[in-house]
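Per-entry structural report
Given next are the chains, with one letter for each unit.
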Amino acid sequence: FTTPPINATTTFYVSANTSSTSNVGPLLASGACGTIATSTATDWPLRFNTTGAVILVSADVLPVAAGTFVVGLRNALSTVNIDTRSFTFTAGQVGVVQTIPLNFIINTPGNYQITNIQGGIARFSPFGCTYPYTSAGGNFSIVGSATFSDFATSTSQYNSFFNLQVQDVCEGTRVPVIATITAP
């Protein structure tokens, strides 16, 4: 670590960090967990819980139309966006699995969802596999889906986002380190 220019004794805080990356959730393949259904409807959320800091790096989606596709990160059961990402799909990408970079940083443990704010999706309905899907580090767990962001969680369908790449982040206790200015 190189300090910024300082002209007085200053305290900085340091900690050790480790992380692990894993893919979470089913692959978007017919027969994997049911029949793939597509829809141009919006707001088909996928629900997940976090018990520590995570980065939701990417997800696979199946575009059903050319144009803009917007993903919203929300608290579970909320219609208010915490963060969003926007993508543009071409006619050649329609019906072809696309990996989209999300890089949603989630520092606070809680119950969340990602949903398609704009643009249609694919989903398994009925869902023939079993929730939860948990990351290798244990900080992230997909627990269900919903018909709309403010509707109850369902385990009989799997919506929108597949093969999520998740980075579990573990930060140690921060400790102070003092940078002291001394005359030459």
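It should be noted that the structure appears before, not after, this text.
All values reported here derive from a predicted model rather than from experimental measurement.

**Regarding the sheet that holds strand β9 (residues 110-118)**
As summarised here, the arrangement of the six strands in space is β7-β6-β9-β4-β12-β11, forming an open sheet in which the pairing is antiparallel. Among the strands making up the open sheet, the edge pair consists of β7 (81-89) and β11 (133-134). Both strand β6 (residues 67-75) and β9 contribute to a ladder of six bridges, which runs antiparallel. What sits directly across from L73, in β9, is I114.

**What to know about the environment of F151**
Its location among the elements puts F151 in the loop between β12 (140-145) and β13 (158-159). The exposure class assigned to F151 is partly exposed, which follows from its relative accessible area of 42%. Once the C-alpha coordinates of F151 and L27 are considered, the two residues, 124 residues apart in sequence, prove to be 25 Å apart. Once residues within four sequence positions are removed from consideration, F151 is found in contact with R47, L77 and A146.

**Considering unusual backbone geometry**
At the junction of S125 and P126, the peptide bond is cis and its omega measures out at 5° in the coordinates. Topologically, P126 is positioned in the loop between β10 (121-124) and β11. For the bond running from Y131 to P132, omega is 0°, close enough to zero to count as cis. Tracing the sequence through the fold places P132 in the loop between β10 and β11. Unusually for a residue other than glycine, L77 sits at a positive phi of about 65°. You can see L77 is positioned in the loop between β6 and β7. Phi angles above zero are rare outside glycine, and N103 is one such case at about 50°. Looking at where N103 falls in the secondary structure, it is placed in strand β8 (residues 98-106).

**What about the sheet that holds strand β3 (residues 36-39)?**
What the three strands build is an open sheet, ordered β3-β10-β13; its pairing is antiparallel. Looking at the sheet topology across the chains shown, the edges are occupied by β3 and β13. The sheet contact formed by β3 and β10 spans four bridges and is antiparallel. Counterpart to I36 in the pairing with β10 is F124.

**Concerning the pattern of salt bridges**
Under the defined criterion, the tally for this structure stands at two salt bridges. A salt bridge links D83 to R85, with the shortest nitrogen-to-oxygen separation between them at 2.9 Å. With a relative accessible area of 23%, R85 lands in the partly exposed category.

**As for the state of the cysteines**
Joining two cysteines, a disulfide is a covalent bond between their sulfur atoms. Under the criterion given, the structure shown has one disulfide. A sulfur-sulfur separation of 2.0 Å characterises the disulfide bridge that pairs C33 with C129. In this structure the cystine formed by C33 and C129 twists about its S-S bond by roughly -90°; its chirality is therefore left-handed. Of this pair, C33 sits in the loop between β2 (17-24) and β3 while C129 sits in the loop between β10 and β11, placing them 96 residues apart in sequence.

**Structural notes on the nonpolar core**
Grouped together as the largest cluster of nonpolar side chains are 35 residues, with contacts concentrated most on I114, I142, Y158, F161 and L164. Beyond its immediate chain neighbours, meaning those up to four positions away, L164 contacts S22, N23, V24, L46, L56, S58, A59, I114, F140, I142 and Y158.

Rules behind the numbers
- Residues numbered from 1 in each chain as written.
- Predicted model: local features only at pLDDT ≥ 70, side-chain atom pairs only at ≥ 80, totals over all residues.
- Heavy atoms only, no water.
- Pairing = 2+ DSSP bridges.
- Helix = DSSP H or I, 4+ residues; strand = E, 2+ residues; numbered from the N terminus.
- Buried < 20%, exposed > 50% of the residue type's maximum accessible area, 1.4 Å probe, protein only.
- Contact = heavy atoms within 4.5 Å.
- Salt bridge = Lys/Arg side-chain N within 4 Å of Asp/Glu carboxyl O.
- Disulfide = S-S within 2.5 Å.
- Core = buried A, V, L, I, M, F, W, Y, C linked by side-chain atoms within 4.5 Å.

Function cannot be inferred from these measures alone, as they are strictly geometric.
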